[in-house]
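# Summary of structural features
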Amino acid sequence: MKDQYRLVEFNLNGKDVSCMVDCRASLTDMLRNDYRLTSVKKGCEVGECGACNVLIDGECFNSCIYLAVWARGKKIRTLESLLGPNGELSDIQQAFVDETAVQCGFCTPGFVMTAVEILESGKVYTDDELRKLLSGHLCRCTGYENILRAVKKTMYKRNGLEWKEDN
Amino acid sequence: MYDMKELYEAFSVEEAVKLRVEHPEAQVIAGGSDVLVQMREGKRAGKELISIYLVDELRGIRIDEEENIRIGSLTSFSHITKDPIIQKYINVLGEAVDQVGGPQIRNIGTIGGNTCNGVTSADSSSTLHAWEAVVELTGPEGVRRLPIKDFYIKAGTVDIREGEIQTAILIPKASYENTYGYYWKYAMRNAMDIATTGCSVNVRLSPDKKTIERARIAYGVAAPVPVRAPHAEAVANGAPVSEETVGKFALAVLEDINPRDSWRAGKAFRQHISVEMARRCLRASILRAGGAF
């Protein structure tokens, strides 16, 4: 193969970066191997489980079925971008902790990034809408209810709505 | 790492056509949610790829000079669903593609890829058949347009000739004007599943809303490629809006469809649900068009 390595310039977690990347690599491969962003999990690698989910220009994508060279000119965000300067958790991450929406944790970064897209839309969704928005992720531990509550609680908080236990 | 022999990248339609001419053996990749998965499975391993994903001129929806709704082939499913033109004139297409896979798949999946696969179960294709969409292809000799029913040749094979790429899907004004539709996807799960059968119906009612002026119906997974049901349409065209018409229309689809037995569902089951889907979709379309029973 000629030109096996190609120059890709993009914005990663708010910083402009460039990388000579193997054109056969997936975005998961590049984020994990070249940038050590290990929140991006290798799960099914066929776009079904959502463990490798990242935000590209504000929308969720399974990075396992996204070629690394397609990062050109994009704004890419991973879970690592959510932490505060001293490693503080963001509100949505703290909600996952508070609601016990985590067991083994493998699906969590993917879920949290989808939650970020949901929360940043500024809209208030119904439970049915939230379930549909979260449906691109598989969790084999929690049974999803706690995850739904964590997202919903944060959505209520950010929109200044009062949270009641029977919401 | 994907097992590809070579990756050619196009950034404009012109470059894509040039690469198609230079590398006739190479597989075109748009969003890649089929091609990359098949490559991982080994089916397309070791192949050359032509990536058109970064050809941004193929994205977006607008009304063109001939008043067609023009959907660029790389427009993602989620952008189709959110688009105001789609919501105003052909909302059912937005609803249909909102049932593809899950949210991430709807962000990467493109309407061009969904149709160029030639797969009968594609959620967009039954609606595009029912609305008599026109496929636009661009090749070395220029632009070629053909009705979507002629675009599908057989399961997995579509009419894309040497050097061509699909550049747009068009919905003609005569097709979308004053027309309302409904899509039903029957699948085992709500997310991340492929349709057992999909049915798309649309109607245009007379000004007094008492008569069906035009009814169109198409199925996915009722035959090797998406198909219309002309017998059923003939029953409904010109008929009064009534439960009786809906019932006759639904039963008539059995003369047109030819579903198969597969591991997903048996032929008899698919026939059974096809009748019920036709009934529900026609009813819902009539209600959306302002009709009443």
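Residues numbered from 1 in each chain as written. Chains lettered and ligands numbered in written order. Predicted model: local features only at pLDDT ≥ 70, side-chain atom pairs only at ≥ 80, totals over all residues.

### Observations regarding the overall build of chain B
When helices and strands are counted, chain B shows 13 helices and 14 strands. Its C-alpha radius of gyration of 19 Å places chain B within 12% of the 19 Å reference for a compact globule of 293 residues. Based on the C-alpha atoms only, the size of chain B along its principal axes is roughly 60 × 45 × 30 Å. Considering chain B as a whole, with its 293 residues, one finds that 52% of them fall into the buried category. Restricting the contact set of chain B to residue pairs at least 6 apart, pairs at least 24 apart contribute 64%. (Helix = DSSP H or I, 4+ residues; strand = E, 2+ residues; numbered from the N terminus. Rg over C-alpha atoms; globule rule 2.2 N^0.38 Å. Buried ≥ 20, exposed ≤ 12 C-beta atoms within 10 Å, placed from the backbone. Contact = placed C-beta atoms within 7 Å.)

### Here we look at the sheet that holds strand S1 (residues 4-9) of chain B
Residue and element names in this part refer to chain B. Taken in spatial order, the three strands make up an open sheet running S1-S3-S2, and their pairing is parallel. Each edge of the open sheet carries a strand with a single partner, namely S1 and strand S2 (27-29). Averaged over all pairs of adjacent strands, the angle between strand axes in this sheet comes to 30°, irrespective of strand direction. (Pairing = 2+ DSSP bridges. Axes fitted to C-alpha atoms, helices over the stretch in contact; angles between N-to-C directions.)

### Section: helix H8 (residues 123-130) of chain B
Residues and elements named next belong to chain B. With eight of its eight residues buried, H8 lies for the most part within the structure. For H8, every residue scored as buried is listed here: Asp123, Ser124, Ser125, Ser126, Thr127, Leu128, His129 and Ala130. Glu132 sits one or two positions beyond H8 and adopts a positive phi of about 50°.

### With respect to the nonpolar core
Counting 132 residues, the largest nonpolar core has Val201, Ile217, Phe249 and Ala278 of chain B as its most contacted members. Take this core: its biggest share by element is six residues, from helix H3 (residues 108-120) of chain A. Not counting residues up to four positions away in its chain, the partners in contact with Ala278 of chain B are Cys199, Val201, Ile217, Ala232, Phe249, Ala250 and Val253 of chain B. (Core = buried A, V, L, I, M, F, W, Y, C linked by C-beta atoms within 7 Å.)

### So, unusual backbone geometry
Glycine aside, a negative phi is what most residues show, and trans is what most peptide bonds show. Residues and elements named next belong to chain A. Even without a glycine there, the phi angle at Asn13 is positive, about 50°. Mapped onto the secondary structure, Asn13 falls in the loop between strand S1 (5-12) and strand S2 (15-22). Judged by local crowding, Asn13 falls into the partly exposed class, with 19 C-beta atoms found within 10 Å. Phi is positive for Thr100, which is not a glycine, with a value near 50°. As for its position among the elements, Thr100 is in the loop between helix H2 (91-98) and H3.

### Thoughts on the domain arrangement of chain A
All names here are of chain A. For chain A, the assigned domains read domain 1 (5-79) and domain 2 (91-158). With 15 residues of domain 1 at the interface, the matching set in domain 2 holds 12 residues. For the side of domain 1 that touches domain 2, the elements supplying multiple residues, two or more each, are strand S3 (53-56) and strand S4 (59-62). Its residues assigned to classes, the side of domain 1 that touches domain 2 shows eight nonpolar, five polar and two charged. (Domains from an automatic or database assignment. Nonpolar A, V, L, I, M, F, W, Y, C, P; charged D, E, K, R; others polar.)

### Thoughts on the sheet that holds S4 of chain A
Residues and elements named next belong to chain A. Here five strands make up an open sheet; going across it, the order is S2-S1-S5-S3-S4 and the pairing mixed. What marks the edges here is a single partner per strand, and that holds for S2 and S4. Direction aside, the axes of adjacent strands within the sheet are offset by 45° on average. Its contacts with the sheet put H3 on S3 and S4, and the angle it makes with S3 is roughly 30°.

### A word on the pairing of strand S5 (residues 69-72) of chain B
All names here are of chain B. Neither face of S5 is left uncovered, since the one carrying Ile69 and Ile71 and the one carrying Arg70 and Gly72 both have all their residues buried. The pairing of strand S4 (residues 61-63) with S5 spans three bridges and is classified as antiparallel. The residue of S5 that forms the bridge with Arg62 is Arg70. The turn linking S4 back onto S5 is made up of five residues, and Glu67 within it adopts a positive phi angle of 65°. Sheet topology places S5 next to strand S10 (residues 165-171); four bridges connect them, and they run antiparallel.

### Details of the interface of chain A and chain B
Accessible area lost during the coming together of the parts is what is often quoted as the interface size. If you look at the interface, chain A gives 27 residues, while chain B gives 24 residues. For the side of chain A that touches chain B, the element with the most residues is S4 of chain A, which contributes four residues.

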